[in-house]
Amino acid sequence: DPSHATGHWQYVKPLSFAAVAAGADGSEDTRPLQLGDIAILMWSLSDVAIYEEALREQGLDYYLAGGHAFYAQQDIYDVLHLLRAISSAADELSLAGVLRSPIFALEDETLFWLTQSQGSLNAGLFSTPLPKSLSKAESAKVARAAAILGNLRERKDYLLVAELLGEALQQTGYDALLLCEFLGQRKMANVLKLVEQARTIDRTSPGDLNGFITQLSEFVVRTPKEPLAATQSEGDVIRIMTIHHAKGLEFPLVVVPDLDRKGRQGDRRPVFDEQLGPLVPAAVKGDRVGWDLHRFVEQQQDEEERKRLLYVACTRAADYLILSSSIADLAKPTSDWLKFLSKRFDLHTGRDRKSVG
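Parameters and conventions
- Residues numbered from 1 in each chain as written.
- Predicted model: local features only at pLDDT ≥ 70, side-chain atom pairs only at ≥ 80, totals over all residues.
- Heavy atoms only, no water.
- Axes fitted to C-alpha atoms, helices over the stretch in contact; angles between N-to-C directions.
- Helix = DSSP H or I, 4+ residues; strand = E, 2+ residues; numbered from the N terminus.
- Parallel < 35°, antiparallel > 145°, perpendicular 65-115°, else oblique.
- Left-handed = near helix turned anticlockwise from the far one by under 90°.
- Contact = heavy atoms within 4.5 Å.
- Salt bridge = Lys/Arg side-chain N within 4 Å of Asp/Glu carboxyl O.
- Nonpolar A, V, L, I, M, F, W, Y, C, P; charged D, E, K, R; others polar.
- Buried < 20%, exposed > 50% of the residue type's maximum accessible area, 1.4 Å probe, protein only.
- Pairing = 2+ DSSP bridges.
- Lys, Arg positive; Asp, Glu negative; His and termini not counted.
- Phe/Tyr/Trp six-rings, centres within 6.5 Å; stacked < 30°, edge-to-face > 60°.
- Lys NZ or Arg CZ within 6 Å of the ring centre and 35° of its normal.
- Expected span 1.5 Å × (residues − 1).

**Some details on the packing of helix H2 (residues 74–87) against helix H3 (residues 92–100)**
Closest axis-to-axis distance for the H2/H3 pair is 8 Å, and the angle between their directions is 130°. With respect to their mutual orientation, H2 and H3 come out oblique. Seen along the crossing, H2 lies across H3 with a hand that is left-handed. Residues Asp 78, His 81, Leu 82, Arg 84 and Ala 85 of H2 form the contact with H3, whose participating residues are Ser 94, Leu 95, Gly 97 and Val 98.

Dropping the structure here:
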């Protein structure tokens, strides 16, 4: 579990687990635990990138269910930069983004020398001859990028958006490159899902490349809830999802991290209470009795809802449940979840206080 206090990871070697399976005669049998048996249930996905990075470092395949996952993927950013660079030769920022991406994989120094030689990155990319400061390998990559982008720019007004995307993938080989990366099937599925979205816009506005870029750019900025594309091997991966998303599901092994995360702190915006009427927080504490009463009731309701949420998370586990936290002092729990658990369990040992007593 990540330590929010220190910013470091503490890796603990996992125990050997065995999932319980029902035999043909109704008896219980055990089998080795598989990745598809594991679910990480989170109250919020705001810190999910930390867990994704940890799973990637350990080489563990995972699937982020729900949330804002799709438009926050690097492969989506790469394709967006590519489309922007094709659409407008004046978009130097997107051109730099796609040239540095795995699509063309140019070095930062190469971008510098191209810009220095002609005063702009786009002019330098299509200049002849190329700067002498470039190595033969980098010069070859620059020539390839210029040829591909030049061809796609010439054809962009004669192709549907989906067709343009298909040709871009074919000429750059980006699809094959993704398949060689970690979670490559997932990344490739994301790009194909983007192609399907392009086909959708082609049905109503054929070939509207700028419209598709504008829509995709807005989605990247405000990240609507769009799940990652599914793949055929989705069943044998660790699932990461919110507790709300896991309602009605069950997994052999459930991990509930971030028990030290505090609940909603509320805000100071004016509110309308059904019983107390309009309320505005006052600067002087003694003058805000109605506001404090409203906040107290709201806090009690939030704590009860979070208790129900913790119950939902814990009951998703069929065989094993791991509760995880990165608290500095177990004797002084700070979150409502840890305080609630500490009344029944010893946080140092995990033992039931009633059974010990």
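**Considering the pattern of salt bridges**
As enumerated under the stated definition, the model contains eight salt bridges in all. Close ionic contact of Glu 138 with Lys 141 constitutes a salt bridge, the shortest N to O distance being 2.6 Å. You can see Glu 138 and its partner Lys 141 sitting in helix H6 (residues 136–155), three residues apart, about one turn around the helix. Of the charged contacts, one joins Glu 167 and Arg 155 as a salt bridge, the two residues approaching to 2.7 Å between their closest N and O atoms. Taken together, the residues Glu 167 in helix H7 (residues 161–172) and Arg 155 in helix H6 connect sequence positions twelve residues apart.

**Remarks on the packing of H2 against H6**
In the contact formed by H2 and H6, the axes pass within 8 Å of each other and the chain directions differ by 65°. As far as their axial angle goes, H6 and H2 are roughly perpendicular. As H2 runs across H6, the sense of the crossing is right-handed. Listed contacts from H6 to Leu 82, Ala 85 and Ile 86 of H2 are Leu 149, Leu 152 and Arg 153. Residue classes in the contact of H2 with H6 are distributed as five nonpolar, no polar and one charged.

**What about the pairing of strand E3 (residues 38–42)?**
Of all the five residues making up E3, five are buried; the element is thus mostly covered by neighbouring parts of the structure. Alternating positions in E3 separate into two faces, Ile 38, Ile 40 and Met 42 on one and Ala 39 and Leu 41 on the other, with burial throughout. The sheet contact formed by E3 and strand E6 (residues 251–256) spans three bridges and is parallel. Residue Ile 40 lies in a different strand from E6, and its bridge partner there is Val 255.

**Quick look at the pairing of E6**
Within E6, six of the six residues are buried, which leaves the element mostly enclosed by the surrounding structure. Pairing between E6 and strand E9 (residues 317–323): five bridges, direction parallel. By the bridge assignment for E9, Val 256 is matched with Leu 323.

**Things to note about the side chain of Glu 52**
Tracing the backbone through its elements, the reader meets Glu 52 in helix H1 (residues 48–57). There is no salt bridge for the buried Glu 52, and the closest opposite charge comes from Arg 56, which lies 4.3 Å off by N-O distance. Contact partners of Glu 52, with chain neighbours within four places excluded, come to Tyr 62, Leu 64 and Ile 240.

**Re the packing of aromatic side chains**
Using the criterion set out here, one finds one aromatic pair in the structure. Measuring from ring centre to ring centre gives 5.1 Å for Phe 112 and Trp 113, while their planes differ by 70°; the resulting arrangement is edge-to-face. Just above the ring of Trp 43 sits the side chain of Arg 306; from NZ or CZ to the centre is 4.9 Å.

**Some words on H7**
Along an α-helix, a turn takes 3.6 residues, which lines up residues three or four apart on a common side. For H7, built from twelve residues, the straight-helix expectation of 16 Å at 1.5 Å per residue is met to within 8% by its first-to-last C-alpha distance of 16 Å. At the exit of H7 stands Gly 173, carrying a positive phi of roughly 70°.

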